[in-house]
Every structure is written in structure tokens, then in C-alpha cells.
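# Fold and geometry: a report
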Amino acid sequence: MSAVGSFLWEFLRGTWDLLWKMFVIIVPIMVILEVSEGRRWFRALARGWARLLRPLGLSEETATPTLVGFLFGLAYGGGVIVRDVRRGTIGRRQVFLMSLFLSMVHAIVEDSLILIAVGASAVWVFGFRIVWAGIVTLLVGAVATALVRRHRKRRG
Amino acid sequence: MSGDRPTQPPRQDDRREEAREPVPTQAVLLEPRPLRPALLAGTRIGVRTFAEMALAMVPAYFAALLLEKLGVIDVLSDWAEPVMGVMGLPGSAALPLVLACLLNIYAAIGAMQALPLSGEQITVLAIVILISHNLIVEGAVVHKAGMNGVFFSLLRLAAGLTAGIIVNLLFGILS
């Protein structure tokens, strides 16, 4: 097979792997969210999770996307962010803070386990990364907030 | 970053009963919905979100694969080699790191297993990779969420390397 042909073949196979896995995960997540959001147990869960994230400046409306991203992966959390921005329940500042947090830590189960399987320390992989995500979210969030405030003040 | 207001006014929503009146904040979280409409709405939103994410991710995946085939990985690994020492890693660990950033964690693990790394070195490299991976495709995801994907990908690279330096220092202090 020619070089271009084998490249396209690999691209198609990789795309197929990416897409079917995403479809099989994202549709059930959205169905479960539609069924559960608003129910008492889900609200309790969201409130508990939001309480953990509140020190980072994240509001209660960000509980669902951050929880989905934290557990399953950035693409899924990102999908819920897109949904909630469209619904108008979260603003740009919250999206920025969520993106910071989820950039540092997402797919906590799958990604961490495959690296622990090849010999990384579980305590460090889980513990340090979660602490680090908090530090980065606080620091970059504070810098960005200060910059926006200064920018606004200058423009009057 | 323009305050806590929504980026766009609430538009035509996926659930019809809400579309008639503007959605007050948190309304979505407060009302339990009957099962059947919820199942339908969830499926619809899921398929729509899937399509939107796929449209952003597939071109990014194409770009990442193209860069790999063009030999960018070897060039970047050569660049990264001298830097690996600040994280207590051998120069050869540059290859799995670059593979992780450009492609994904699975590609990196394959290259990692060929290297003679100590337990602590594996942990340092794992933490860097867990923070900074799949930057092109996930940059497209962040972009789709309305943020600057390039900024976030570069931030992840910087934060990952900084984390590696810190963990290596902590290992030095603790041992």
C-alpha cells in the first residue's frame, strides 16, 4: 500500500475507534443526566461535589460538567459544558475555571489506572495531581480575574 | 472572561417545554422530569453533543496523525532531550513525553515500557503525561467549549513540566 493509502487507513481506523467509544459513552451519560438531574439523590451528589470545588471559585451550576469530566474525560465534560452554556446556566468565568480544573485532571479512573498498571505510584498519581489541579486553578484563575478587572477599569 | 453572565442569551433549547419561556438559572437542576421525555431528550442531546464533539475532534486527530507521520515526533524528542534532566529523567524519556503530548497516553505507555526507568522516574513521567497529553485533540475540545484551545494546551504543557520538576524535587527531599 502507498504511504498516503496507509496513512488514510490508519486515520480511518483511529477515527472509528475514537468515535464509537465516544458515542457509546456520551449518549448514556446525557440520558442518565436528563433522567437524574433534578432528582433528590443527584442534587445531593451535585451539592456535595460543588462544596468540594467551592474553594476554587466554582459555583454549584458547574457541578455536573466538572463531575462528568473528572470521572470520564475531557471530551465528555466538554460536551456537558457546551450543553449548559447553550442552556444559559453557566457564564464565561465559570467555563474558564472549569476548563482550568479539567485540563489538569480528567478521566481520573481510566487514565490513572493505566499508568499505575505500568508502575507509577497510585498515591502520587491521584494525590499530587488533584492537589496540583487545585493550585493551578486558583493561581491562573486569580491572575486571569485580576487581568480582566484591570482591562475593564482601563476601558472605563 | 467577561464576568459571570452567559456567553449567549438562552436560545432554543433541546427540551421544548423550556423553550417557551426563558430558562432561569438553576431551573435545570431543580425540576425532576418524567421518565419518558427525559429519556428522549437525553438521547437527543447525547447524539447532538456527540456530533458536535466529533466535528471538532476528528480534524484535530487528522492533524496530530499527520504531524506524527511527517516526523515531528523525532524532531521534538531531540529538542526535549536536554530538558528531561530537570525532572530527574533520562533524555530517552523525551520520546514517550512527546508521544503523549501529540497523540495520547496509550502511545506514550508503549514507548515508556521500552525504557529502563526507576520506580520514582516512572511516577514523575506518569504525572507529567497525565497532565499534558493529547494536546491537539483535547485543545479542540476546550476550543469547542468556548475557550482558547491553544492557550489551554500550552498551559497544560507548562503545568505538566512544572509538576514534574516539583515531584522530582519532593522525591529528593523525602528520600
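Residues numbered from 1 in each chain as written. Chains lettered and ligands numbered in written order. Predicted model: local features only at pLDDT ≥ 70, side-chain atom pairs only at ≥ 80, totals over all residues.

What follows deals with the interface of chain A and chain B. Between chain A and chain B, the contact holds 60 residues from the first and 65 residues from the second. Among the secondary structure elements, those contributing two or more residues to the side of chain A that touches chain B are α1 (3-36), α2 (40-53), α4 (74-87), α5 (92-104), α6 (108-117) and α7 (122-155) of chain A. For the side of chain A that touches chain B, the element with the most residues is α1 of chain A, which contributes 16 residues. (Contact = placed C-beta atoms within 7 Å. Helix = DSSP H or I, 4+ residues; strand = E, 2+ residues; numbered from the N terminus.)

Turning next to helix α3 (residues 63-72) of chain A. Residues and elements named next belong to chain A. With 9 of its 10 residues buried, α3 lies for the most part within the structure. Regarding α3, the residues found buried are A63, T64, P65, T66, L67, V68, G69, F70 and F72. Each element contacted by the buried residues of α3 is listed here: α1, α2, α4, α5 and α6. Looking one or two residues beyond α3, the residue adopting positive phi is G73, at roughly 145°. (Buried ≥ 20, exposed ≤ 12 C-beta atoms within 10 Å, placed from the backbone.)

Before going further, it helps to examine the nonpolar core. In terms of nonpolar packing, the biggest core is built from 87 residues, with L125, I129 and V141 of chain B touching the most fellow members. At 10 residues, the largest contribution of residues to this core is made by helix α3 (residues 35-69) of chain B. Here this core spans two domains, and each of domain 1 (1-36) and domain 2 (40-155) of chain A adds at least three residues to it. Beyond its immediate stretch of four places on either side in the chain, I129 of chain B contacts L115 of chain A together with L97, A100, I105 and A108 of chain B. (Core = buried A, V, L, I, M, F, W, Y, C linked by C-beta atoms within 7 Å. Domains from an automatic or database assignment.)

Next up on the list: the environment of V95 of chain A. Here V95 of chain A shows up in helix α5. Setting aside residues no more than four positions away along its own chain, V95 of chain A makes contact with I81, V85 and I90 of chain A together with A145, G146 and M147 of chain B.

Moving on to the domain arrangement of chain A. Residues and elements named next belong to chain A. When its domains are assigned, chain A resolves into domain 1 (1-36) and domain 2 (40-155). Summarising the inter-unit geometry, the C-alpha centres of domain 1 and domain 2 are found 24 Å apart. Between domain 1 and domain 2, the residue contacts involve 6 residues of the former and 7 residues of the latter. Looking at the side of domain 1 that touches domain 2 residue by residue, the class counts come to 5 nonpolar, 1 polar and no charged. (Nonpolar A, V, L, I, M, F, W, Y, C, P; charged D, E, K, R; others polar.)

A pair of packed helices is characterised by two quantities: the angle between their axes and the separation of those axes. Two elements in contact, α4 of chain A and helix α8 (residues 135-144) of chain B, have axes separated by 9 Å at closest approach and are oriented at 15°. What the angle tells us is that α4 of chain A and α8 of chain B run roughly parallel. When the axes of α4 of chain A and α8 of chain B are compared, the crossing they make is left-handed. Mapping the contact onto sequence places L74, A75, G78 and V82 of chain A in α4 of chain A and E138, V141, V142 and K144 of chain B in α8 of chain B. Residue classes in the contact of α4 of chain A with α8 of chain B are distributed as 5 nonpolar, 1 polar and 2 charged. (Axes fitted to C-alpha atoms, helices over the stretch in contact; angles between N-to-C directions. Parallel < 35°, antiparallel > 145°, perpendicular 65-115°, else oblique. Left-handed = near helix turned anticlockwise from the far one by under 90°.)

Looking now at the environment of I129 of chain B. By the element assignment, I129 of chain B lies in helix α7 (residues 119-131). The sequence separation of I129 of chain B and P96 of chain B amounts to 33 residues, and the corresponding C-alpha distance is 8.4 Å.

Once that is clear, we can look at unusual backbone geometry. Glycine aside, negative phi is the norm for most residues, and most peptide bonds take the trans geometry. Positive phi outside glycine occurs at A107 of chain A, with the angle close to 50°. Structurally, A107 of chain A can be placed in the loop between α5 and α6. Phi is positive for N134 of chain B, close to 50°, though the residue is something other than glycine. You can see N134 of chain B is positioned in the loop between α7 and α8.

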